[in-house]
Amino acid sequence: MPLTPEVLWAQRSSDSDSSKNYLLVTIAIPDCEAPQLKLEPGYLEFSAKNKGHVGDEASHQYHLHIDFFKEVVPEKSLHKVENGLSYFFKIYKKDLGAEYWPRLTKEKVKYTNIKTDFNKWVDEDEQEAAPADAGDFGDLMGGGTPDLEALKAQLGQTGGLDQGEDEE
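Residues numbered from 1 in each chain as written. Predicted model: local features only at pLDDT ≥ 70, side-chain atom pairs only at ≥ 80, totals over all residues. Heavy atoms only, no water.

Trainee: Describe the overall build of the protein, and please don't skip the residues or the numbers.
Mentor: Within the protein one finds two helices and eight strands. Taking as baseline every contact in the protein between residues at least 6 positions apart, the subset at least 24 positions apart corresponds to 60%. Surface summary for the protein: the accessible area is close to 10400 Å², and the carbon and sulfur share equals 51%. (Helix = DSSP H or I, 4+ residues; strand = E, 2+ residues; numbered from the N terminus. Contact = heavy atoms within 4.5 Å. Areas by Shrake-Rupley, 256 points an atom, 1.4 Å probe, with all protein chains shown as cover.)

This is the structure we're talking about:
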């Protein structure tokens, strides 16, 4: 019998800019392999398996079905397995609107596996003030090169790298 994975989600909304009107969805499947995805305007169907690991050598099959609160635009949406721990989605909402969806799902039911992703969440009234890439999928897709010199300087200032110590 397939397992139901944990789902974390956040969103952004705009009544005038469709590029700022999307859902950020993370499906937590450790060592995600062979993902199968069906993203339609009204729902998401996802299944994958993972390989066994130390302490639990058995492979597990996962399955998820979500009927969305409102319609989405599948052809604009992005998805990617990342860091071996999760499968990430940036799913664009079909209807423009400044108000957030009250929930991810169509049904007004409390799903124990669906939770708000507070690491990516921005309140409705703070969307415009938030950095453009805060919680954005661009970070997940490797969109940008890290500034190693700035990182070194920051580590030096915070005590993360001893003064005069060279990294290898």
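Trainee: Pulling in residues and values, what's your account of the sheet that holds strand β1 (residues 6-12)?
Mentor: One open sheet holds the five strands; their spatial order is β6-β7-β2-β1-β8, and the pairing between them is mixed. Of all strands in the sheet, those with a lone pairing partner are β6 (72-82) and β8 (114-116), marking the two edges. Strand-to-strand, the axes of this sheet are offset by a mean angle of 25 degrees, without reference to chain direction. Where β1 lies against β8, three bridges are found, and the strand directions are parallel. Of the residues in β8, the one forming a bridge with Leu8 is Lys115. (Pairing = 2+ DSSP bridges. Axes fitted to C-alpha atoms, helices over the stretch in contact; angles between N-to-C directions.)

Trainee: Please set out the nonpolar core residue by residue, giving values where relevant.
Mentor: The biggest cluster of nonpolar side chains holds 22 residues, and the ones touching the most others in it are Leu23, Ile27, Phe46 and Phe68. For this core, the secondary-structure elements that each account for two or more residues are β1, β2 (22-28), β3 (32-39), β4 (43-50), β5 (60-67) and β7 (86-93). (Core = buried A, V, L, I, M, F, W, Y, C linked by side-chain atoms within 4.5 Å. Buried < 20%, exposed > 50% of the residue type's maximum accessible area, 1.4 Å probe, protein only.)

Trainee: Give me the side chain of Asn113: which residues, what numbers.
Mentor: Mapped onto the secondary structure, Asn113 falls in the loop between β7 and β8. The buried category is assigned to Asn113, whose relative accessible area is 14%.

Trainee: Which residues make up the environment of Ser77, and what values do they have?
Mentor: In this fold, Ser77 is placed in strand β6. A C-alpha to C-alpha distance of 8.8 Å links Ser77 and Tyr22, two positions 55 residues apart in sequence. A distance of 3.4 Å separates a polar atom in the side chain of Ser77 from the backbone nitrogen of Tyr92. (Polar contact = N/O pair within 3.5 Å; in protein donor to acceptor, adjacent residues only side chain to side chain.)

Trainee: Can you lay out the packing of aromatic side chains for me, pointing to particular residues and giving the numbers?
Mentor: Considering all chains together, one arrives at seven aromatic pairs under this definition. Considering the side-chain rings of Tyr22 and Tyr92, the 5.8 Å spacing of their centres and the 65 degrees angle between planes classify their relative orientation as edge-to-face. A residue pair is termed long-range when its members are at least 10 positions apart, and Tyr22 in strand β2 and Tyr92 in strand β7 qualify at 70 residues. Each of the two residues, Tyr22 as well as Tyr92, counts as buried. Measuring from ring centre to ring centre gives 5.2 Å for Tyr100 and Trp121, while their planes differ by 85 degrees; the resulting arrangement is edge-to-face. (Phe/Tyr/Trp six-rings, centres within 6.5 Å; stacked < 30°, edge-to-face > 60°.)

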